[in-house]
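# Inside the fold
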Amino acid sequence: MAPDEVPPGEIVDKLTPEARSANMRRIRSRDTAPEMIVRRIVHRMGFRYRLHRGDLPGRPDIVLTRLGKIVDVRGCFWHQHPGCTDSHIPKSRRAYWEPKLSQNAARDKSNASRLRAMGWRLLVIWECETKKPDTLTKRLTRFLA
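Residues numbered from 1 in each chain as written. Predicted model: local features only at pLDDT ≥ 70, side-chain atom pairs only at ≥ 80, totals over all residues. Heavy atoms only, no water.

### Considerations on the confidence of the model for the protein chain
Our working definition: Confidence of the prediction at every residue is given by pLDDT, a number between 0 and 100. Numbered from the N terminus, helices here are DSSP runs of H or I no shorter than four residues, and strands are runs of E no shorter than two.
Put simply, the protein chain has an average pLDDT of 89, and 88% of its residues get 70 or more. Ranking the elements of the protein chain by mean pLDDT puts helix H1 (residues 17-25) last, at 73, and strand E2 (residues 62-64) first, at 98.

Right, here's the structure in full:
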């Protein structure tokens, strides 16, 4: 799209559609770096768990069946962590991103309430929280005790 064809107020993506598509293809939904950090901590604490149980709403990341507890690791951008600087909405293609990201957050809320109604206790860990392993370990210890 040429600069004179851009609608007023719309920002053009700096990457070509092919480069943007390649970037988006590399983003994984499982075994992400934040998820692996949490899994290592929980395992080091001596707990054993199941991963991504398909029979539960939202396929939670870490399921501790004997304890009746779930640890869900969420990316700040994709799940719109309230108040986090990483949860901004991109300036380009806002008409695409706003509904997509708000639907993710709404689905998370629905899945959490369904899990609680089934008797599960749920802890949500945000991606930005995995950058402080000591604080994260204390939070997990309190939840899993």
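### Overview of the sheet that holds strand E4 (residues 121-126)
Note the cut-off: By definition, two strands form a pair when at least two bridges between them are found by DSSP. Whether two residues are in contact is decided by their heavy atoms: any pair within 4.5 Å suffices. The axes used here are C-alpha line fits, helices contributing only the stretch in contact, and every angle between their N-to-C directions lies in the interval 0 to 180 degrees.
Within the open sheet, the 4 strands sit side by side as E1-E2-E3-E4. Their pairing is mixed. If you trace the sheet from one side to the other, it starts and ends with strand E1 (50-51) and E4, each paired once. Sheet topology places E2 next to strand E3 (residues 69-74); 3 bridges connect them, and they run antiparallel. Across the sheet, residue Leu64 finds its bridge partner in E3, namely Lys69. With respect to the sheet, helix H2 (residues 33-44) is in contact with E1, E2, E3 and E4, its orientation differing from that of E3 by roughly 150°. Where helix H4 (residues 133-144) meets the sheet, it contacts E2, E3 and E4, and its direction lies at approximately 175° from that of E4.

### A few points about the pairing of E4
Stated formally: Exposure is judged per residue with a 1.4 Å probe applied to protein chains only, and the accessible area is read against the type maximum: over 50% gives exposed, under 20% gives buried, and values in between give partly exposed. Crossover handedness is defined here as right-handed if the route from the first strand over the helix to the second strand goes clockwise, with the strands pointing away from the viewer.
Taking burial as the measure, the 6 residues of E4 include 5 buried ones, the bulk of the element. Sheet topology places E3 next to E4; 6 bridges connect them, and they run parallel. Each bridged residue has a counterpart across the sheet, and for Arg74 the counterpart in E4 is Trp126. Each parallel crossover has a hand, and for E3 linked through helix H3 (residues 94-117) to E4 it is right-handed.

### Description of the pattern of salt bridges
Quick note on the threshold: The term salt bridge refers to a pairing of a side-chain nitrogen on Lys or Arg with a carboxyl oxygen on Asp or Glu at a separation within 4 Å.
Considering all chains together, one arrives at 5 salt bridges under this definition. A salt bridge links Arg39 to Glu35, with the nearest nitrogen and oxygen atoms 2.9 Å apart. Of this pair, Arg39 and Glu35 both sit in helix H2, 4 residues apart, roughly one helical turn. Glu35 matches Arg39 in its accessibility class, with the two residues each being buried.

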